[in-house]
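For reference, the chains in residue letters:
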Amino acid sequence: METLSSLADGFVIALTWQNLLLALLGCFLGTMMGALPGLGPSNGVAILIPLAFTLGLGATPSLILLTSVYYGAMYGGRISSILLNIPGDEPAMMTCLDGYPMAKNGRAGEALSLSGISSFVGAFLATWGLILLAPQLVKIALLFGPAEYFALFTLAFATLGGVASTNQAKTAFAAALGIGLATVGVDTQTGVPRFTFGEVHLYDGIDFLVAIVGLFALSEVFLFLEHRHGKADASSSKVTIGRLMPSWSLLKSCTPTMLRSSFLGFLAGVLPGAGASLGSFIAYTFEKKLVDKEGTFGTGDPRGVAAPEAGNNAAAGGALVPMLALGVPGSGTTAVLLAVLLALNITPGPLLFTQQPDVVWGLIAALFIANVMLLLMNIPMIGLFTRVLLIPPRILMPIVAMVSFVGIYGISGSSFDLLVMIGFGVMGWVLRKLDVPLVPIILGTLLGNAMENNLRRAITIDNGDWFALIDSPLSIGLWTLAVIGFLLPIIFGKVVKARMRHMARDEEGSTID
Amino acid sequence: MSDRIFGAVGLILALGYAWAALIIEESFLSDAVGPKAFPLIIAAVLGLSSLVIFFKPDTAPHWPALPRLMEVGAAILVMILYAILLPELGFVIATALAATYLTWRLGTRPVSSVVSGCLTSLGIYAVFHLVLGLSLARGPLGF
């Protein structure tokens, strides 16, 4: 009951004209960014953070804008999967498997609206899951002391590579690099400058927004320059959209699929190291095992479209649970959303729920609003979004680059930050070529300082005894999970990844890199 | 091979980082851990993972041929020039030049690139400066 009244308060906050407009704008931009191949949810949110920041929006309005972008991108990813057989972002990979065959059979309109409805169901249920689960997690988190937090951060980094990680050494390298970058600047506890080499610009540390925009957005531009992707501007006009609304019987037959997939997706989202890509993968494979008796999956079975879409949108909602309740994100995009919170001077975690309930519940209400808007927007306006796909990347990428520059320049007005951003862009490009994940770097720059502070606090409390770190059963449990989480992918990672790739390649015969 | 080089570079980075951590001057007022310990732990993780990457390399990625590499290098150079010249030339001119260059190099015909570059610049200026009121770099001409 208490939850419901808090939620009602949240709606009061979210339902102002400004916030509704921001949500609408965010949904629209998000869907476009999700739909355009090469611009995933992380990129989309990353480019927009500095803008939201420089526009001087308050905490709740900026969060509403950016989470709408996040949800929107999750919706948008399916459009190019279905029409062009090119996933707009990684989580939409599985939607290609049945979505594109449906489109080839002349049922593109049905596939699009069905996937829109599945996305809605997944996100809607996941938001309820968030409401129910997050406060429980907060209760546990209130028991955490500095030592437990340090273990929790380690757990987050250890599992970040995810079950599908192929090379844990590279994940560890990336995390250490990110944390190392965070230590640049004046030490918060003693006031000693570290790793600044006398450069005054570095005394404040490296702005994580600069790092994020450089690593994500600019490296994408370099990748495009390298490959000169002219091919992505394929002709979506060739595909006939067909009838737009799926029939009731079709919806009814897909409903159990949507519900099951939402549940699985949500679980995958909450667990550390899984994220939306795995959510859609698990939902699809489970559904295939369970209901695919005639072997129609992969040939345009509507349930094969409903499952991954419900799964990935539910995972997107689920991933918000650890991010809000513990301050530890479980996926790439939520790591970027964490950057939003930190840039706004909001520290997520258990205290957020007690000290700034208006931010939390306003955000949750905004998720519901964005979700309804997206459903309404995505069915009638689908024609508009398919036309967006016709903008060739050769025009689009320069715009992305320039908007990134504008955002970063807007924050500080200094050329130095732009140069640092270019440096990060080059670094991101090289690291992506070498298959080093970028998300741990981002998370490292975001959490590095908090991690160090907790470590030092824990040990100082115990008068310099390093065993303070493994003093309580809770922290021992977290350390054990961290070790298991780090070692598991070394054993199983190759198998899972190979299966994901194999399925995607096998059934659609196109290349996904 | 790429991973061997990467591992070696990583190891040098880790050693350099550890060295830079060791020469941090501690202040007389310090907590029990001090400013050096955490960076040293991180340096150890960085070094160990670099060693693993060095001794167990993945298959090398496909590196572009020299002309493509030059292409990326030139784009980096243009962006650096953009960052430096932005305060000198003002936002609209600098952005139009940089956007034109990038559009051209991504495979648009020169004339269309100029049009697209100018439109990009003016569009961003209109949306972010005129509508949203973001302060962008002012050049000698006032925009």
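Residues numbered from 1 in each chain as written. Chains lettered and ligands numbered in written order. Predicted model: local features only at pLDDT ≥ 70, side-chain atom pairs only at ≥ 80, totals over all residues.

1. Remarks on helix H9 (residues 248-270) of chain A
Residue and element names in this part refer to chain A. The terminal C-alpha atoms of H9, which comprises 23 residues, lie 32 Å apart, in line with the 33 Å expected from a rise of 1.5 Å per residue. For H9, the principal kink sits at Cys254 and spans about 40 degrees; a proline, Pro256, occurs within the next four residues. Along H9, the residues that are buried comprise Cys254, Thr257, Met258, Ser261, Ser262, Phe263, Leu264, Gly265, Phe266, Ala268, Gly269 and Val270. (Helix = DSSP H or I, 4+ residues; strand = E, 2+ residues; numbered from the N terminus. Expected span 1.5 Å × (residues − 1). Bend = angle between axes of the 7 residues up to and from the residue. Buried ≥ 20, exposed ≤ 12 C-beta atoms within 10 Å, placed from the backbone.)

2. Quick look at the confidence of the model for chain B
All names here are of chain B. Residue-level pLDDT values for chain B average 86, and 98% of them are 70 or greater. The least confident element of chain B is helix H5 (residues 110-131), whose mean pLDDT is 87; the most confident is helix H2 (residues 37-55), at 92. Scored as a whole, the predicted complex attains pTM 0.83, and scored at its interfaces, ipTM 0.91. (pLDDT = per-residue confidence, 0-100.)

3. Some words on the domain arrangement of chain B
Domain annotation for chain B reports domain 1 (2-55) and domain 2 (66-131). Domain 1 of chain B and domain 2 of chain B are separated by 38 Å when their C-alpha centres are compared. (Domains from an automatic or database assignment.)

4. Thoughts on the interface of chain B and chain A
If you look at the interface, chain B gives 56 residues, while chain A gives 51 residues. Counting only elements with at least two residues in the side of chain B that touches chain A, the list comes to helix H1 (2-22), H2, helix H3 (66-89), helix H4 (91-105) and H5 of chain B. (Contact = placed C-beta atoms within 7 Å.)

5. Quick notes on the nonpolar core
One recurring pattern in soluble globular proteins is that nonpolar side chains are buried together. Residues Leu66, Ile212, Ala339 and Ile442 of chain A are the most contacted members of the largest nonpolar core, which totals 213 residues. Looking at which element gives the most residues to this core, the answer is helix H5 (residues 95-141) of chain A, with 20 residues. Two domains share this core, each providing at least three of its residues, namely domain 1 (2-55) and domain 2 (66-131) of chain B. Contact partners of Leu66 of chain A, with chain neighbours within four places excluded, come to Gly26, Val45, Leu48, Ile49, Ala52, Leu337 and Val340 of chain A. (Core = buried A, V, L, I, M, F, W, Y, C linked by C-beta atoms within 7 Å.)

6. Details of unusual backbone geometry
Backbone phi values are negative for most residues with the exception of glycine, while trans is the configuration of most peptide bonds. Residues and elements named next belong to chain A. Look at Asn345: it is not a glycine, yet its phi comes out positive at around 65 degrees. Residue Asp435 is not a glycine yet carries a positive backbone phi of 70 degrees. Assignment of secondary structure puts Asp435 in the loop between helix H18 (415-433) and helix H19 (439-461). Accessibility expressed as a C-beta count within 10 Å gives 15 for Asp435, which makes it partly exposed.

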